[in-house]
Amino acid sequence: MVQHSKLRKAVFPVAGLGTRFLPATKAVPKEMLTVVDKPVIQYVVDEAAEAGIEHFVFVTGRGKGVIEDYFDIQFELEQTLKARNKNAELTLLSGLLPKAGSASFTRQQEPLGLGHAVWCARDIVGGEPFALLLPDMIMRAEKGCLKGMVELYENTGGNVIAVEECAPDQAHKYGIVGVGEQLEGGFRITEMVEKPAKGTAPSNFFINGRYILQPEIFAILETQERGAGNEIQLTDGMLKLAKTQAFAGYHFKGQTFDCGAKDGFILANVSFAIERADIRPMIEEPLKALLAALK
Ligand code: G1P
């Protein structure tokens, strides 16, 4: 085990416009779209809590106020539930509520990219390592992705990025890492490229949206120039940080659903629904019939 500071805070960049889900996202933030009966953001916050995170930092934007309301009590609703003796619902709501003072909200005023969104959290995070969870990606695994990363981090210190394998023809959609020395649960990262041109990716390991970063990234992002897509890219900032600090890749082997895309969102709904004992019996046969009718 190497010397490392404990990971207490997690950043959730939730300012994205969600244009792929219009018209739904005209009035509802994409992070609040439901997978079965919970908003997408709840799955991501649960993953962070499972990994021991104590403080949740949301980088929001205009039109995202409902996310802040969601992580607060809803007085009228709770009074009504109490009056109606709806105890199961009350317990459900209180179990999901972050502890008082453990959620912070700041705004990214302009959509200048992921690197810029992360930089907006600098004052709240301060001088300690932090987790970063992209809220579009929700994961299903026996051990949560961030929890596995924390275990690797306790051995390696430094920075940790979760990666998964993709088909080579999909690499241009993601940040891709180069693979070095093997570690327990992962490997040393030798290089990183954001959205590599077809045929130039150093491997098929893509960055899946979970990071543990050291606070020195903030000073780098402060002066980071725009990169791919004319946005301030986190990957470009991490490349600079990698000149002075180690980066490890955590090889996540569970299932990931990109809920920022329609196919991933729909598959997440079906997949989480069939895992639920209260729902599966109602949908199993109709789903089979639907699939059979496709043939
Ligand atoms: C971002 C990151 C990229 C990562 C991806 C995962 O890209 O910049 O490195 O692979 O998330 O979803 P975006 O999806 O914002 O284009």
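Residues numbered from 1 in each chain as written. Predicted model: local features only at pLDDT ≥ 70, side-chain atom pairs only at ≥ 80, totals over all residues. Heavy atoms only, no water.

**Remarks on the overall build of the protein**
Then comes step 1: Along the backbone of the protein there are 11 helices and 13 strands.
Then comes step 2: For 295 residues, the compact-globule estimate of 2.2 N^0.38 gives 19 Å, and the protein sits close to it at 20 Å.
Then comes step 3: Summarising its shape, the C-alpha atoms of the protein cover approximately 60 × 50 × 40 Å along the three principal directions.
Then comes step 4: The burial tally for the protein puts 46% of its 295 residues in the buried class.
Then comes step 5: Across the protein, contacts joining residues at least 24 apart in sequence account for 75% of those joining residues at least 6 apart.
Then comes step 6: Carbon and sulfur atoms make up 53% of the accessible area of the protein, which totals about 15,300 Å².
Then comes step 7: The average position of the 32 basic charges and that of the 37 acidic charges among the side chains of the protein differ by 3 Å. (Helix = DSSP H or I, 4+ residues; strand = E, 2+ residues; numbered from the N terminus. Rg over C-alpha atoms; globule rule 2.2 N^0.38 Å. Buried < 20%, exposed > 50% of the residue type's maximum accessible area, 1.4 Å probe, protein only. Contact = heavy atoms within 4.5 Å. Areas by Shrake-Rupley, 256 points an atom, 1.4 Å probe, with all protein chains shown as cover. Lys, Arg positive; Asp, Glu negative; His and termini not counted. Charge placed at Lys NZ, Arg CZ, Asp CG, Glu CD.)

**Some words on the nonpolar core**
Then comes step 1: Among the nonpolar cores identified, the biggest contains 42 residues, and Phe12, Val35, Phe58, Ile138 and Leu146 are the most heavily contacted of them.
Then comes step 2: When near neighbours in sequence (up to four residues on either side) are disregarded, Leu146 contacts Glu47, Ala48, Ala51, Ile53, Ala131, Leu133 and Ile212.
Then comes step 3: Among the nonpolar cores identified, the runner-up in size contains 30 residues, and Val163, Ile220, Leu221 and Leu234 belong to it. (Core = buried A, V, L, I, M, F, W, Y, C linked by side-chain atoms within 4.5 Å.)

**A short note on the site of the ligand**
Then comes step 1: Every residue lining the ligand is accounted for by Leu134, Met137, Tyr174, Gly175, Glu194, Lys195, Ile207, Tyr211, Gln233 and Thr235.
Then comes step 2: Gly175 is positioned with one of its backbone polar atoms (N or O) 3.0 Å from an oxygen atom of the ligand.
Then comes step 3: Within the backbone of Ile207, one N or O atom sits 2.6 Å away from an oxygen atom of the ligand.
Then comes step 4: Computed on the free molecule, the ligand has an accessible area of 380 Å², of which 74% lies beneath the protein chains in the complex.
Then comes step 5: Classifying every residue of the shell around the ligand gives five nonpolar, three polar and two charged. (Near = heavy atom within 4 Å. Polar contact = N/O pair within 3.5 Å; in protein donor to acceptor, adjacent residues only side chain to side chain. Nonpolar A, V, L, I, M, F, W, Y, C, P; charged D, E, K, R; others polar.)

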